[in-house]
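Given next are the chains, with one letter for each unit.
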Amino acid sequence: MLAAPAASQPLTIWAWERPEDLRFAGRDAEVAVMTGFIVLAGGRVEARGRRFPLRAAEGQVTTAVVHLQIDHRRPLVWTAAREAEAAHAVLGFARAPWVKRLQVDFEVRASERPILLGVLKAVRAGLPSGVELSMTALASWCEEAWLGQAPVDEVAPMLFRMGPAGASIRNRLAAGGDFTEPKCRRALAVSTDTPLPRAPAGRRVYLFNPRSWSAADFALARRRIEAWSGE
Amino acid sequence: MVRRVAAFAVAMALAAPGAALASGPGVIGPWYVDPFGGGAADLQRVYDGRLGIVMARASKPQLYMAWRLLHGQRVGREAGAALSIPCCDASADWRYAPEMGETGMHAWLDARKLVPLAPELERIDTERAGPDYTSIPTCFEEAFTTAAATLKDRVAKYGATSGDVTLWLQTQDAVFEACGRPGVTLPLLSAGPPAWLKADRAYQEAAFALYDGRHDEAADRFAAIGKDKASPWRPMGPYLRARSLVRGALANRTPEAFAKARAAIADLSKLPEKTYGRGEVRDMLRILAYRDRPAQLLAELDRELAGREPPADIAVAFRDYANLADKAAERPQPMAWIATLRAAPDTDALSKAETEGGVTDLYRRTRASALAQAQARWEASRDVAWLVAALSLVDPGAPEAAGLAAAAAKVGAGDPAWLTAQYHLTRLTLRSAPAAETRARLDAILARTDLSVSDRNILTAQRMQVAADPGEFARFSLRQRLCRGEQEDGCTRGFWHASDSQPYGVYDRTGYEGARGFGEDARAIIDRLPLKDRIALGRDARLPAAMRLDVALTNYGRAVVLGDHAAVDALAADLEVLLPQLAPEWRKIRATPVGLEKRFVEFFVLAKVPGVRTDLVDYNRPEGAVAQFRDPWTNWIVLPKGKPVKPEPPALALYQQAGAGVDSDGPDAATDLACLGECGQGASPLRLPDFAAAGAAQATIERGYFVRPRYSYGEEPPPLPPGGVAAWDEMLAFAKANPKHPMVPEALYWIIRAGRWGGSHNHSGKRAFELLHAAYPASAWAKRSPYYYD
């Protein structure tokens, strides 16, 4: 028998780096706002905050998202001091009192996984109590054992533009299958331009939109997700 | 003189950031087609003027590079590198000036260590919280660099343990603390300070006012410093006064504030040319104009960017140009060209269509309109850039296609548009032109040594589709991997949120060792071949062993469901070499005569190797030890001979999932498995090579026996087709009837696993669990299966 769907999916709208007005969603969805961008370049940690405004209802914004990336055009000089500095910068973008969850969006190559794990551990150590730690992940990471070492409360596998493995992962989810890594079974991420016919129910769903959100976009995305469980 | 980096820093604070860097979470893009230009060597060729295939999905700055090259304007290494990454983050500033060594905040943090009493700092926040979840950049690299140099000087002159130096440092720490938050106060200045400390303090207080948002006060303080003949900071006064007022204008946005800032800039411009910051006059005026005189600035940038040589700050200029053009009543030509290539519907119209229906129609109308515009401009101007735009938008067989293909054929080999024209010419005529003619033309192009990896892969895909025989098909079925991390650096796709990470189970070797793999079009064609041709391909020594394994294992799945035991035995022999982890099973299959037991051992492999399928599109290669083989299983259904289902090959859109512009349920005719949608919206329908087309009838007959189960949550699985048998059911029946067969306990274990991971059939996992624990409770397989999942 196939897994039974839960009654509802908590929705979280991603407010990426563009002007957004999400007041239309009201209490129907939380908002995860991109607050910081960090580039690890050579031996430096370059950080900047959000430039475009987000308008949201009071209490709607719960999650600070911090994006990190490595500049691969020069050798990374990675030391304990740089790790501490990167963690400091991440935490600096999640200091506001409204932050209930900090989500780290850091895509790394296989050889760079220790860097990701190190930053997550340092962030976790400095995280105020009561703030959850979340991370995004390529869907394929959720099939690999190393991800279990990530000291996070939640992993959000991104179920869009998944590459050649995409058809297989979609089929697995549609067939009632699930991700190997247990931390990947608490949340998932979908995009408005890549509708997913079915996915496990009862998880936090992060909604990505390749353009600025509108009420219509949100309504459509919500209808699609509700259809997963026939609500 | 103010260094170049300062100009970038100021510009960054004022104009909108590059949105592309932040366009979304990293996602996996194609591994052999790169709209961002590929590795360093390929990018360098473009910078040098050798334009490859123009890809509509490239970033705006890279499309602008193409526009320049199409119009005889130079790009060059420096401008090319600047346009190949998003403009203009702080890290990018540093990249442009690597010769500067340690600068900015790190230089300051290092310099502080010279003072023994300096408290430890990991990092300084350089931005303040703004409204609506924004951050406002306050302090830039140059401020830290200047402070570091000053501290070193003061330590050298007055000693690291001097009380005055310690006070200086405490004050400067407070000044920098104000970068990140309001409410900071400066320590009190000691009574009777030495002249140097007094002068430095005046400068620190002015900077403090600037970071604290008291712009007029900062301007007044810097003006006073500019008049203080005793201050070492005097030369910087006029520039910093102007800069304070520019910041004030941007913060206040009143005509008076803009006028005041312009007056200060005018004062600065009247000073001798070597005055500190005098060279920044133009940039500061532009920063103001961006906000209050956008049309004027757009026209100015249009003139500047039209020159043959690239301006020194081309990335910033283009970023502002593109942003202003988006808001202008009429886009300048380069931006109109980029918008036409992209042919994206208006956001409001798209939202409306998504709510009310008609999304497909809206996209169709938008593309048709863009095509009409491009064609009209091409016909009116004979500007080859517009031909490129029109070509990228047209489908083969469309009324405009023949004329545009003819125009593409006339583009000369020395024209920068030549390769793009050749690509589209082939795309538009692939099905209609004689295959031999297309082969000859593509062979001549592929013989060139100056093709980028990405372009070679795209053209190889086209060549494969006109392969004269299976041998040619095998030769052209492989694509070269690009941007594979440690092995090849210099790719810029990671800066645009296309993923640097790449899929597994695709290449000829594992991880970053992998260099080649099947093209998506190759996979689609292989899935459309009859078993006989597939078996021959799986033995072709031109293919790497990993690719032969992929073909052989999917052949095995087909042979089993077709009940072709001879083919199964032949494939088992091949697979004993290709998948030695299952060598005993392959030998057992060959040794077992046709009958129920043979079916059982054939199914056993399907239970033990979860990724086997009948098609490459959803197959997962087994890698490593058996326990590491990737999920999921499928529910294998075997049909009786003479009772096929309706043949349904996998939709071509499923093969294009790593590319762009296709829905997973889109029609085959709209797909593009050569460039994966990255080259433009014009379709590139798959052409079966003639040998494959000859086998299509047999492939269709076989396809009728491949059942692709469809599932949905909360619903019972669809009934089996008439006469159909589930492999797991038959295995369970065999297990009950042959309890002493040595493979049964392990078979039950694998059926439990399959039930857990997607391949359940009618509670097969639960039934296998009950049988395993009832009949073989002491077996290792029972101990490894403490639970079932139903």
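*Asks:* Could you give an account of unusual backbone geometry, naming the residues involved and the relevant values?
*Replies:* Residue and element names in this part refer to chain B. At R253, a residue that is not glycine, the phi angle is positive and equals roughly 55 degrees. For R253, a relative accessible area of 51% gives the class exposed. Even without glycine at this site, R382 takes up a positive phi of about 55 degrees. Here R382 shows up in the loop between helix 18 (359-381) and helix 19 (384-393).

*Asks:* Before we move on, can you summarise the packing of aromatic side chains with the specific residues and values?
*Replies:* In the structure shown here, the tally under the stated rule is 27 aromatic pairs over all chains. Taken together, a centroid distance of 5.5 Å and an interplanar angle of 50 degrees make the contact between W67 of chain B and W337 of chain B tilted. Of this pair, W67 of chain B sits in helix 3 (residues 60-70) while W337 of chain B sits in helix 16 (residues 333-342), and the two are 270 residues apart along the sequence. When its relative accessible area of 7% is taken as the criterion, W67 of chain B is described as buried. Residue W337 of chain B is classed as buried on the basis of its relative accessible area of 0%. Cluster of aromatic residues (ring-pair linked, three or more members): W14, W16, F160, Y206 and F208 of chain A.

*Asks:* Describe in detail the pattern of salt bridges, supporting the description with residues and values.
*Replies:* Under the counting rule described, the total for this entry stands at 73 salt bridges over all chains. Via salt bridges that share partners, R128, R201, E205, D212, R214, E217 and R221 of chain B belong to a single interconnected network.

*Asks:* How would you explain helix 34 (residues 744-756) of chain B if you had to name every residue and give the values?
*Replies:* Residue and element names in this part refer to chain B. The end-to-end C-alpha distance of helix 34 is 19 Å, a good match for the 18 Å that 13 residues give at a rise of 1.5 Å each. Of all 13 residues in helix 34, 12 are buried; the element is thus mostly enclosed. Listed as buried for helix 34 are V744, P745, E746, A747, L748, Y749, W750, I751, I752, A754, G755 and R756. Considering only its buried residues, helix 34 is in contact with helix 29 (583-591), helix 30 (596-608), helix 33 (727-737), helix 35 (764-775) and helix 36 (780-783).

*Asks:* Please give an account of the confidence of the model for chain B that cites residues and values.
*Replies:* Residue and element names in this part refer to chain B. Counting all residues, the mean pLDDT for chain B is 90, and 91% of those residues have values of 70 or more. Here residues 1-23 is a poorly scored stretch, pLDDT under 50, and it has 71 contacts once near neighbours within four places are set aside; other chains count. Within the model, the stretch residues 90-101 combines pLDDT values under 50 with 28 contacts to residues more than four positions away or in other chains. Under the prediction, the complex receives an ipTM of 0.91, its pTM being 0.84.

*Asks:* How would you explain helix 11 (residues 237-252) of chain B if you had to name every residue and give the values?
*Replies:* All names here are of chain B. Between the first and last C-alpha of helix 11 there are 22 Å, a value that for 16 residues agrees with the 22 Å anticipated at 1.5 Å per step. In terms of burial, helix 11 is a largely internal element, 12 of the 16 residues being buried. Considered for burial, the residues of helix 11 that qualify are G237, Y239, L240, A242, R243, S244, L245, V246, R247, G248, A249 and L250.

*Asks:* Can you lay out the pairing of strand 3 (residues 30-41) of chain A for me, pointing to particular residues and giving the numbers?
*Replies:* All names here are of chain A. The buried count for strand 3 comes to 11 of 12 residues, which makes it a mostly enclosed element. Pairing of strand 1 (residues 11-15) with strand 3 involves four bridges; the strand directions are parallel. For I13, the partnering residue across the bridge sits in strand 3 and is V31. As paired strands, strand 3 and strand 6 (residues 61-71) are joined by 10 bridges and run parallel to one another. In the strand pairing of strand 6, F37 is matched with H67. Pairing geometry for strand 3 and strand 4 (residues 44-49), over six bridges, is antiparallel. By the bridge assignment for strand 4, I38 is matched with A47. From the end of strand 3 to the start of strand 4, which pair antiparallel, there are two residues, and G42 there has a positive phi angle of about 60 degrees.

Calculation notes
Every residue gets a number counted from 1 within its own chain, in the order that chain's sequence is written. Chains carry letters and ligands carry numbers; both start at the beginning, A for chains and 1 for ligands, and go up in the order they are written. Only residues with pLDDT of at least 70 are given local features in this predicted model, and only at 80 or more are side-chain atom pairs given and counted; all residues enter the totals for whole chains, interfaces and linings. By convention in this description, side-chain values take in all heavy atoms of the structure and omit both hydrogens and water. Remark: exposure states derive from per-residue accessible area (1.4 Å probe, protein chains only) relative to the maximum for the residue type, with buried under 20%, exposed over 50%, and partly exposed in between. Secondary structure elements are taken from DSSP: a helix is a run of H or I of four residues or more, a strand is a run of E of two residues or more, and numbering for both begins at the N terminus. Centres within 6.5 Å make a pair out of two Phe, Tyr or Trp rings, where for Trp the six-membered ring is used; the pair is then stacked when the planes are under 30 degrees apart, edge-to-face when over 60, and tilted otherwise. Basic side-chain nitrogens of Lys or Arg form a salt bridge, by our definition, when they fall within 4 Å of a carboxyl oxygen of Asp or Glu. Expected span, for any helix, means 1.5 Å times one less than how many residues it has. In this description, contact between two residues means that some pair of their heavy atoms is separated by no more than 4.5 Å. A residue's pLDDT is the confidence the predictor assigns to it, expressed on a 0 to 100 scale. Following DSSP output, two strands are said to pair if at least two bridges run between them.

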